[in-house]
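# Structural characterization, general
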Amino acid sequence: MRKESAVSATSDLCVHGLAGLHVGGGPALTQVIDIELIVNGRLTSLSLDPRVTLLDALREHLNLTGTKKGCDQGQCGACTVLVNGMRINSCLSLAAMHDGQAITTIEGIAPGENELHHIQAAFIERDAFQCGYCTPGQIVSAVAMLDELAAGQPSQAAEDLSAAPVLTDAELRERMSGNLCRCSAYPHIFAAIRDVAGA
Amino acid sequence: MKPFTYERATSVADAAKASADPSVRLLAGGTNLLDLMKLQIETPARIVDIGRLPLKDITETPDGGLRIGALATSTAIASDPVVRARYPLIARALLSGASVQLRNKATAAGNLMQRTRCAYFYDTTKPCNRRIPGSGCSAIGGHSRADGILGTSAACIAVHPSDLAVALTALDAHVETTNGQGTVRTLPVADLHRLPGASPHLETDLAPGQIITAITVPPAPPGEQIFRKVRDRASFAFALISVAASGPRYALGGVAMKPWRASASEAVLAAGGDVDEAVAAELSQARGHGHGEYKIPLAKRLLGAVIRQSRGDAA
């Protein structure tokens with residue numbers, strides 16, 4: 001169990017320039033919120049400024065820096081995490097909104113301590129990265145994408161919205177369009193996911 | 001973000017009451033509001049999180065229509081078997097927008113209430129009458145290729161970015177609203193948003209304290225449902241122009257600060273006019289404001305193509 005003080009919450013926000021409001025004796029925080037998150041299976045208590053995003057709570061308060069901050073606007077997908085099994089952009093969510101919910105990050109995606117998730121292993125096998133900054137988001141997103149496919153969720157690539165989806169190449173690209181790769185390692189990312197999903 | 005207090009709404013009535021205060025913003029999925037708060041375009045003093053209110057159900061109505069709870073997510077709506085089978089237009093419109101990550105959070109009412117994506121609304125170093133009333137419009141004479149061609153004014157030429165609203169307008173859908181006193185009122189989705197006129201900062205016809213609780217969709221008319229969207233890339237982009245068709249009803253997106261029902265086209269077609277006449281009737285008043293000129297022929301062609309497809313005419 002980990003408790004952060006309101007003071008460190010303030011300084012974290014300042015250090016990272018998110019608020020830019022409390023540098024050098026600015027106005028005091030008006031509210032600190034106590035929340036509990038179940039992060040990668042572990043119950044975690046936090047006391048936070050309500051402005052702290054889920055992404056910053058993970059990275060700056062829980063030191064889970066695998067989840068990356070790319071655009072911080074919900075456009076790049078580097079911050080993708082699972083909330084109750086669904087992928088979201090953690091940068092566009094307040095930590096407070098997720099009180100009591102289960103968060104899975106890249107650090108918790110593998111089935112065990114010394115094992116990799118199939119998608120992680122396939123990314124290594126296929127060399128599916130260059131700089132690697134988008135990789136955690138790509139992997140978490142791909143894991144969720146395969147679950148969505150199994151659950152029969154449609155995408156705009158579907159000819160027939162009511163039919164069970166089949167992971168054609170067009171479907172795979174469409175379903176991963178929320179994760180950008182500035183190095184453009186897409187062919188290898190595509191191949192890695194294809195290895196796990198089957199042809 | 002500017003400092004704010006955070007609380008979770010315990011009832012719809014409480015949320016409605018709270019929202020009457022102009023310093024309050026209701027938070028649902030947060031995918032637009034939090035972005036605007038980071039840029040300090042939105043600076044609420046108090047956030048009321050309505051995300052856990054019981055407004056998520058998607059249910060069939062006795063008249064054969066559909067009722068979509070205000071907080072149903074885009075993913076939940078687009079994955080719903082009834083929506084997919086009977087209202088593919090709604091599913092297509094939703095699936096054509098954003099990414100899965102965003103659709104897993106974004107809600108039905110939030111989609112309708114999202115703000116314009118006009119670049120100058122987001123650029124706090126530039127005048128924008130919608131952001132700061134009376135400051136001027138930077139899009140007029142500026143980089144306006146994503147802005148509007150119909151229903152614009154000298155004060156604002158922004159467009160409303162919702163694809164869902166365009167689909168719902170072609171389906172004659174309504175929003176159901178309530179206020180802190182429990183007064184339920186419905187209004188057509190087509191009448192929810194205001195054209196800018198001289199007061200672009202007044203964006204909807206909702207009164208202070210009036211909140212959307214559901215979207216109601218009547219039974220779809222016979223005939224094909226079509227959604228076509230032209231944009232800068234194949235996925236995860238806002239519409240430059242979109243057209244929705246539900247049987248004999250048509251709506252355009254990417255043209256105005258509201259979903260644009262093509263009533264003039266429908267009237268020409270109902271009177272036996274041909275497709276070209278119908279298209280001209282709707283778009284003869286269109287103006288492109290410089291960079292947006294290309295949208296006029298684009299809208300004409302897309303509307304014409306969708307009308308022909310919906311009538312079974314060869315393209």
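Residues numbered from 1 in each chain as written. Chains lettered and ligands numbered in written order. Predicted model: local features only at pLDDT ≥ 70, side-chain atom pairs only at ≥ 80, totals over all residues. Heavy atoms only, no water.

Okay, the overall build of chain A next. For chain A, the helix and strand inventory stands at six helices and five strands. Listing each helix as α and each strand as β along chain A from the N terminus yields α-β-β-α-β-β-β-α-α-α-α. As displayed, chain A offers around 8800 Å² of accessible surface, 52% of which is attributable to carbon and sulfur atoms. (Helix = DSSP H or I, 4+ residues; strand = E, 2+ residues; numbered from the N terminus. Areas by Shrake-Rupley, 256 points an atom, 1.4 Å probe, with all protein chains shown as cover.)

On to the sheet that holds strand S4 (residues 58–60) of chain B, then. Residue and element names in this part refer to chain B. Pairing within the open sheet is antiparallel, and its five strands lie in the order S4-S5-S8-S6-S7. If you trace the sheet from one side to the other, it starts and ends with S4 and strand S7 (185–188), each paired once. Adjacent strand axes in the sheet meet at a mean angle of 25° when their direction is disregarded. Note: strand S6 (residues 174–178) against S7, four bridges, orientation antiparallel. Residue Thr 177 lies in a different strand from S7, and its bridge partner there is Arg 185. (Pairing = 2+ DSSP bridges. Axes fitted to C-alpha atoms, helices over the stretch in contact; angles between N-to-C directions.)

So, on to the interface of chain B and chain A. Counting residues at the interface gives 38 residues for chain B, matched by 47 residues for chain A. Here chain B meets chain A over a buried area of about 3400 Å², counting both sides, of which 53% is carbon and sulfur. Lys 38 of chain B is paired through a salt bridge with Asp 72 of chain A; the nearest N and O atoms lie 3.0 Å apart. Of all the secondary-structure elements, those providing two or more residues to the side of chain B that touches chain A are strand S1 (5–8), helix H2 (33–38), helix H3 (74–79), helix H4 (81–86), helix H5 (88–95) and helix H6 (100–103) of chain B. Ranked by the residues each element gives to the side of chain B that touches chain A, the list is headed by H5 of chain B, at four residues. Taken together, the residues that form the side of chain B that touches chain A break down as 16 nonpolar, 12 polar and 10 charged. (Contact = heavy atoms within 4.5 Å. Buried area = accessible area lost by both parts, 1.4 Å probe. Salt bridge = Lys/Arg side-chain N within 4 Å of Asp/Glu carboxyl O. Nonpolar A, V, L, I, M, F, W, Y, C, P; charged D, E, K, R; others polar.)

Attention now moves to the environment of Leu 161 of chain A. Relative to the assigned elements, Leu 161 of chain A resides in the loop between helix H4 (135–150) and helix H5 (169–175). In this structure Leu 161 of chain A touches Pro 154 and Ser 155 of chain A together with Arg 84, Pro 88, Ala 91, Arg 92 and Leu 95 of chain B, once residues within four positions along its chain are discounted.

Attention now moves to the pattern of salt bridges. Opposite charge on two side chains permits pairing when their charged atoms draw close. According to the stated counting rule, one finds 24 salt bridges over all chains in the structure shown. Across the salt bridge formed by Asp 56 of chain A and Lys 69 of chain A, the nearest N and O atoms sit 3.1 Å from each other. Linking Asp 56 of chain A in helix H2 (residues 54–61) with Lys 69 of chain A in the loop between H2 and strand S3 (80–83), this pair joins segments that are 13 residues apart in sequence. On the accessibility criterion, Asp 56 of chain A (3% relative accessible area) is buried. Between Glu 171 of chain A and Arg 175 of chain A there is a salt bridge; the shortest N-O distance is 2.8 Å. Placement of the pair is Glu 171 of chain A and Arg 175 of chain A together in helix H5, with a separation of four residues, close to one helical turn. Taking relative accessible area as the criterion, Arg 175 of chain A reaches 3% and is therefore assigned buried. Three or more residues are tied together by salt bridges with common partners; here these are Arg 25, Glu 42, Arg 115, Arg 130 and Glu 203 of chain B. (Buried < 20%, exposed > 50% of the residue type's maximum accessible area, 1.4 Å probe, protein only.)

The next subject is H2 of chain A. Residue and element names in this part refer to chain A. Of all eight residues in H2, seven are buried, a share of seventy percent or more. Taken residue by residue, H2 has Leu 54, Leu 55, Asp 56, Ala 57, Leu 58, Arg 59 and His 61 as its buried positions. A positive phi of about 55° marks Asn 63, the residue just after H2.

What follows covers the side chain of Gln 138 of chain A. Note on placement: Gln 138 of chain A falls in helix H4. When residues no more than four places from it in sequence are discounted, the contact partners of Gln 138 of chain A are Phe 123, Met 176, Asn 179, Leu 180, Cys 181 and Ile 189 of chain A.

Once that is clear, we can look at the domain arrangement of chain B. Residue and element names in this part refer to chain B. Assigned domains within chain B: domain 1 (5–52) and domain 2 (58–113 + 159–310). Computed over C-alpha atoms, the centres of domain 1 and domain 2 are 25 Å apart. Of the residues lining the interface, 13 residues belong to domain 1; the matching set on domain 2 comes to 13 residues. Counting the surface lost from both domain 1 and domain 2, the interface buries some 940 Å², and carbon and sulfur atoms represent 72% of this. When the buried surface of domain 1 facing domain 2 is broken down by residue, Ala 16, Gly 29 and Thr 31 rank first, second and third, together holding 41% of it. Inspection of the region where domain 1 meets domain 2 yields zero salt bridges. The tally of links from domain 1 across to domain 2 stands at one residue pair in polar contact (both at pLDDT 80 or more). It is helix H1 (residues 12–19) that contributes the most residues to the side of domain 1 that touches domain 2, six residues altogether. Residue composition of the side of domain 1 that touches domain 2, by class: eight nonpolar, four polar and one charged. (Domains from an automatic or database assignment. Polar contact = N/O pair within 3.5 Å; in protein donor to acceptor, adjacent residues only side chain to side chain.)

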